[in-house]
Amino acid sequence: RDRALSFTILTLFGKNKLIQKYDLDLVKLRTFCDVIEKGYIKTNPYHNELHGADVTRSCYYLLKNGGVYNILTDIEIMASIIASAIHDFQHPGLSNDFLIQESNDLAVTYNDQSVLENHHVAAAFKLLGNPELNFLDSLSLEEQKEFRRITISMVLATDLSRHKENLDKFKTRADYIKRMLRDGTKPHGHMPRELSHNSGYSSSLGEVTTDNLVEDRLMLLKMALKASDLGHAMKPIDQHMWWSQRVKEEFFLEGDKAKGRGMNVKPLFDRTRNTNLGKSQAGFLKFLVMPLYNELIPLLRLEEPVLAQLNSNLDFWNVEAERIERERIGMEAGGDGKAAPKPKPKAAESKEDAPKPNPKPNAPKSKPLDRNRSQMPAISEMKTVNITSGNSSSNNNKISSSNNKMTYGENNSNADASEVKIEIGEGN
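All values reported here derive from a predicted model rather than from experimental measurement.

**Student:** Honestly, the overall build of the protein chain in this entry has me stumped. Any pointers?
**Tutor:** When helices and strands are tallied, the protein chain shows 14 helices and two strands. Working note: accessible area of the protein chain is about 20,400 Å², and carbon and sulfur atoms make up 50% of it.

Shown next as C-alpha cells:
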C-alpha cells in the first residue's frame, strides 16, 4: 500500500523494457519514484498517492489495450508513464479556484493559469535537477527535450477549466487519429520528432505530414490521461463508489475551509447544499465524462468493457438520485423519515420505449469515510478494470493479468511492493 505508485511506475518501465533500451540508472529511477510518491499528501481523501497509482495504471490500460502503444515511440511511452504518475504531485487537496480566490503563492506564481497543473509538472522536473534523482541523464539532449515536451503537455491538459477546449481540438483530428490507429503508423525507432522519418501517408482526408502525426499522437496521449484522471467512472461500481465518496469528502473539506475564510463556495463543495450524491455523480458522468469517453473510447475499440461499465454506473446514480429525492420528500411530508412511495412509471407507448432494467440495482452501500484511511482497500483488493479489449481473446491484454506481475490484480495480500524485482527484459 505504501509504495503503490512507485511499484506501478517501475513495473511499467520494466514491462516496456525502457530501463534496458535507455540504459537507465535503476537506483536513480527508484529514488525519483520514491520522492514523487512521498510528495503526494497521504491525508488528502482523494488526491493522494493511490489516486496517482490508479491514474497511471488506468492510462496504461487505455493506451495498451486500445492499440496506441503500437504507434508510439519509446520516448512517448516513457513520458506517458511519468506524466500519469506526476499529474497531481504535491496536490494540496484544494482546487485552482480556491487558490486563486485566496491569492495563494502558487496562483500568483502561475498568473492564475492552470495553477496546480503547472505546479505539478514544474515541481517534478525540478527534482531532476538533483543528480541523484535524474534518471534521464543517459538520454541524449534531444530525447530529454522531447520527453519534457510531451510530459508537460499531458499534465497541463488535465486542467478541467480547459476540458471543452481540448475536447473540441480532439474532435477535429478524430478521423486522422482513427486512420493512424488503423494503419498502425509506427514512428521510426525512438527518435524525437526533429529526427523521426515517419512514412507519412495520403488519404481522402488529405496529406498527412510527419508533424501532423507527432501532434496527433500527443493529442491521443493527452486525451488518454484526461480520461484516466476521471477513470474511476469506468471502474466497477464498488470501486467507483469508493472513489466518489472520497472526492466528495475532499470537496466538502475545501468548502468548509472556504466558508471559514468568507470566500465564495460553489454548490458542489457545500455540504449543506450538495446533499444528493446520486444527482451530483450522475451530472458528473453525463456532462463531463460521457462527452470525452464517447469520442475517445470508440477510437480505441474498447466500447464493450469501458462504455458498458460507464453506462451501468450512470444508471446506478440515476436510480440512487431518485431514491435520495424520494426519501427527502418523504421526510418533509411525513416527518417520520420514511420515503414516499416510488411513483409508477408511465406506460410506454411502444415496446422500444419500455424502460430498461438497471443492470446493477443493488450496488453495495458505501461506508462512512474513515479519515485515518483504515477502510482503504489493500493493494490486492484494489483491482483495476478486470476487462479485456473486445478484439482480443488473450489474457495478456488484461491489466490485472497474472503474467504482468502488477499485484493490483493478484490475490496476494502479503505482497510487499518494496521487494518486487523489476524485470528489465519482461515482455509486453
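**Student:** Any chance you could explain the pattern of salt bridges here in plain terms?
**Tutor:** As a working rule, side chains carrying opposite charge can pair if their charged atoms are close by. Evaluation of the coordinates by the stated rule reveals 23 salt bridges. As a salt-bridge pair, D183 and R179 come within 2.4 Å of each other at their nearest N and O atoms. Of this pair, D183 and R179 both sit in helix α10 (residues 163-183), separated by four residues, roughly a single helical turn. In this structure, the salt-bridge partner of R182 is D183, at a minimum N-O distance of 3.4 Å. Residue class for R182 comes out exposed when judged on its relative accessible area of 62%. Three or more residues joined by partner-sharing salt bridges are found here, namely D54, R57 and K235.

**Student:** I'm lost on the confidence of the model for the protein chain in this one. Help?
**Tutor:** Predicted coordinates in regions of low pLDDT should not be interpreted in detail. Across the protein chain, the average pLDDT comes to 81, with 72% of residues at or above 70. Between residues 189-205, whose pLDDT stays under 50, and residues either more than four places distant or in other chains, the model counts 45 contacts. Low pLDDT, under 50, characterises residues 345-428; the stretch is placed with 144 contacts to residues that sit more than four places away or in other chains.

**Student:** Could you clarify how one ought to interpret the nonpolar core in this entry?
**Tutor:** In globular proteins that are soluble, nonpolar side chains generally tend to be buried together. Ranked by internal contacts, the top residues of the largest apolar core, which has 95 residues, are F13, I36, M78, F135, F170 and Y293. With 13 residues, helix α13 (residues 277-300) is the single largest residue contributor to this core. Contact partners of F135, with chain neighbours within four places excluded, come to F13, L24, D25, K28, L29, F32, M78, I82 and L128. Formed by 10 residues, the second largest nonpolar core is a distinct cluster that contains A258, M263, V265 and F269.

**Student:** Honestly, helix α12 (residues 237-260) in this entry has me stumped. Any pointers?
**Tutor:** An α-helical turn contains 3.6 residues, so a residue and the one three or four places further along point in the same direction. With 24 residues, α12 should reach 34 Å at 1.5 Å per residue; the first-to-last C-alpha distance of 34 Å fits that figure. Directly beyond the C-terminal end of α12, a positive phi value near 70° is found at G262.

**Student:** How should I be thinking about the layout of surface pockets in this particular structure?
**Tutor:** A water-sized probe, rolled over the atoms, reveals where empty space remains. Quantified by volume, the largest pocket comes out at close to 1,100 Å³. Taken together, 48 residues line the largest pocket, and the ones lying closest to its centre are S95, L160, F251, L268 and F269. Among the elements of the structure, α6 (96-101), α8 (115-127), α12 and α13 are those that each provide at least two residues to the lining of the largest pocket. Among the elements that make up the lining of the largest pocket, the one with the highest residue count is α12 (nine residues). Of the residues in the lining of the largest pocket, the class split is 19 nonpolar, 18 polar and 11 charged.

**Student:** Where do I start with the packing of α10 against α13 in this structure?
**Tutor:** Packed helix pairs are characterised by how far apart their axes lie and by the angle those axes make with each other. Two elements in contact, α10 and α13, have axes separated by 9 Å at closest approach and are oriented at 15°. Relative to α13, α10 is oriented roughly parallel. In this structure, α10 crosses over α13, and the sense of that crossing is left-handed. Contacts from H163, L167, F170, K171, A174, I177, K178 and L181 of α10 reach α13 at L288, P291, L292, E295, L296, L299 and L300. Considered class by class, the residues forming the contact of α10 with α13 number 11 nonpolar, one polar and three charged.

Rules and cut-offs
Residues numbered from 1 in each chain as written. Predicted model: local features only at pLDDT ≥ 70, side-chain atom pairs only at ≥ 80, totals over all residues. Heavy atoms only, no water. Helix = DSSP H or I, 4+ residues; strand = E, 2+ residues; numbered from the N terminus. Areas by Shrake-Rupley, 256 points an atom, 1.4 Å probe, with all protein chains shown as cover. Salt bridge = Lys/Arg side-chain N within 4 Å of Asp/Glu carboxyl O. Buried < 20%, exposed > 50% of the residue type's maximum accessible area, 1.4 Å probe, protein only. pLDDT = per-residue confidence, 0-100. Contact = heavy atoms within 4.5 Å. Core = buried A, V, L, I, M, F, W, Y, C linked by side-chain atoms within 4.5 Å. Expected span 1.5 Å × (residues − 1). 1 Å grid on protein atoms, 1.4 Å probe; cavity = no way out; pocket = protein on both sides within 12 Å on 5 of 7 lines; lining within 4 Å. Points joined across faces, edges and corners; volume = space filled by probe spheres on them. Nonpolar A, V, L, I, M, F, W, Y, C, P; charged D, E, K, R; others polar. Axes fitted to C-alpha atoms, helices over the stretch in contact; angles between N-to-C directions. Parallel < 35°, antiparallel > 145°, perpendicular 65-115°, else oblique. Left-handed = near helix turned anticlockwise from the far one by under 90°.

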